[in-house]
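Commentary on secondary and tertiary structure
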Amino acid sequence: MAEIDVAKSSDIKVNYEALLKEVEVLRKKLDDERQKLNDVPLTTVAERIEPINNLNIKTRRVLKGHQAKVLCLDWCSDKRHMVSSSQDGRIIIWDSFTTNKEHAVTMPTTWVMTCAYAPSGNVVACGGLDNQVSIWPVSFDEEPVSKRRAVGTHTSYLSHCLFPSSDQQILTGSGDSTCALWDVESGQLLQSFHGHGADVMSIDVAKSEAQNTFVSGGCDRVAYVWDMRTGQRVQAFEGHEADINTVKFHPSGDAIATGSDDATCRLFDLRADREIATYSKESIIFGVNSVDFSVSGRLVFAGYNDYTVNVWDTLKSVRLTILYGHENRVSSLKVSPDGTCFATSSWDYTIRVWG
């Protein structure tokens, strides 16, 4: 009997080693196919494009009101209002023109790690260490917290949430290494997305007409592109040497930017199925927490752990300027819907509007 068990385990080991070899062969074939599409580097193509000179970006507003680290922010579709969430357990609605606080809601938990405006501007979603994504209506009628309603629950913290296309659905990413699509009205789980080997830190939806594709990045150092209808992974992008903290679709929908603890941002092209640009310098040694594109896609804005915002030329892969102002790490960065400015939140308890 023991001899049979030994023979079985030996066969399993042989099969396992054969499968590993087959995986390596297939991986090499994939790399070869990708290399065929790599006809010319992006920086070479960009040489004939005029450089960007004299960017005059500075702080235009400072929003103060949180009593702890500000962890996330999002713009309203009206291009004026913002929502922010903080370690102090509060969600604040701001008027970015006047810097006034219009609503302040205290959540049942601290570390509200993510918040998002619905497309209509009438509803806000949030979540964090409570493992839940909750929504509440933005109205002056009564205390908003009384209208708060949990929509979906993960088995670990909520790292990111957003409304993909309407107020009816919410997409979430979690520390349980999954993403999920929820129906807001019923709280029903419409689709779950399994594939990451560690915490999911960031998600973003492609700005296409169908809006059926989203990207996720996490602590397994991989960015996955998903089909929202089937729950299947469509593409995988590797290359980072540490956790991916942030992912963002290019305005064209044909590429994604990622930011990582390895102190680099990278641009991956969906059509070429490979990395086409890296935004880094030897002097930059701190991680990237958040990235976003200008409306045209020509600029990449990145918020770092060294309290700065770096602005990169997407095509030429050169840094255009460094923005100083925050006194602690930049946790979140979002360009306004009309592209006239962008906002950053920080562990220094403040939000800054730049333009």
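Here, every reference points to the structure presented above.
What you are looking at is a predicted structure, and each value in this text was computed from that prediction instead of being measured. (Residues numbered from 1 in each chain as written. Predicted model: local features only at pLDDT ≥ 70, side-chain atom pairs only at ≥ 80, totals over all residues. Heavy atoms only, no water.)

1. Here's the deal with the nonpolar core
- Ranked by internal contacts, the top residues of the largest apolar core, which has 16 residues, are Cys265, Leu267, Tyr279, Ala302, Tyr304 and Trp312.
- Going through the elements one at a time, β19 (255-260), β20 (265-269), β21 (274-279), β22 (288-293) and β23 (299-304) are the ones with two or more residues in this core.
- Ignoring sequence-local partners within four residues, the contact set of Tyr304 consists of Ala263, Cys265, Ile284, Phe286, Gly287, Val288, Asn289, Asn310, Trp312, Arg329 and Val330.
- One finds Ala118, Ile135, Phe163 and Ile170 within the second-largest nonpolar core, a separate group that totals 14 residues. (Core = buried A, V, L, I, M, F, W, Y, C linked by side-chain atoms within 4.5 Å. Buried < 20%, exposed > 50% of the residue type's maximum accessible area, 1.4 Å probe, protein only. Helix = DSSP H or I, 4+ residues; strand = E, 2+ residues; numbered from the N terminus. Contact = heavy atoms within 4.5 Å.)

2. Examining the pattern of salt bridges
- Under the definition given, this model contains 12 salt bridges.
- With its nearest N and O atoms 4.0 Å apart, the salt bridge here joins Arg90 to Asp88.
- Arg90 sits in the partly exposed class, given a relative accessible area of 22%.
- Exposure remark for Asp88: the relative accessible area of 19% places this residue in the buried category.
- Its salt-bridge partner being Lys248, residue Asp204 comes within 3.6 Å of it at the nearest N-O pair. Taken as a pair, Asp204 in strand β14 (residues 200-205) and Lys248 in strand β18 (residues 244-249) lie far apart in primary sequence, 44 residues in all. Take Asp204 and Lys248: they sit in the same class, and that class is buried.
- A single network of salt bridges, built from pairs that share partners, joins Asp204, Lys207, Lys248 and Asp292. (Salt bridge = Lys/Arg side-chain N within 4 Å of Asp/Glu carboxyl O.)

3. Some details on the sheet that holds strand β17 (residues 233-237)
- Strand order across the open sheet formed by four strands is β14-β15-β16-β17, with antiparallel pairing between neighbours. Taken across any chain shown, the strands that pair with only one partner, and hence form the sheet edges, are β14 and β17. Put simply, the sheet's adjacent strands are angled 20 degrees from each other on average, direction ignored.
- Judged from the four bridges that link them, strand β16 (residues 223-227) and β17 form a sheet pairing that is antiparallel. The residue bridging Trp226 from the neighbouring strand is Arg233, located in β17. (Pairing = 2+ DSSP bridges. Axes fitted to C-alpha atoms, helices over the stretch in contact; angles between N-to-C directions.)

4. Quick word on the packing of aromatic side chains
- Tallied over the full model, the rule gives eight aromatic pairs.
- For the pair Phe237 and Phe268, a centre-to-centre distance of 5.1 Å together with 35 degrees between the ring planes defines the contact as tilted. Placement of Phe237 in strand β17 and of Phe268 in strand β20 is noted, with a sequence separation of 31 residues between them. Considered together, Phe237 and Phe268 belong to a single accessibility category, that of buried residues.
- Ring geometry for Tyr279 versus Trp312: centroids 6.0 Å apart, planes at 45 degrees, classification tilted. (Phe/Tyr/Trp six-rings, centres within 6.5 Å; stacked < 30°, edge-to-face > 60°.)

5. A word on the sheet that holds strand β26 (residues 330-335)
- Spatially, four strands are ordered β1-β28-β27-β26 in an open sheet, and the strand pairing comes out antiparallel. Among the strands making up the open sheet, the edge pair consists of β1 (59-64) and β26. Ignoring strand direction, the axes of neighbouring strands in this sheet form an average angle of 20 degrees.
- By the bridge criterion, four bridges tie strand β27 (residues 342-346) to strand β28 (residues 350-354) in an arrangement that is antiparallel.

6. What to know about the pairing of β28
- With five of five residues buried, β28 lies mostly within the body of the structure.
- With burial as the criterion, each face of β28 is covered, one bearing Thr350, Arg352 and Trp354 and the other bearing Ile351 and Val353.
- In terms of strand pairing, β1 meets β28 through five bridges, oriented antiparallel. Residue pairing in the sheet places Val62 in a bridge with Arg352 of β28.
- Between β27 and β28, which pair antiparallel and follow one another directly, the connecting turn spans three residues, one of which, Tyr349, has a positive phi of 80 degrees.

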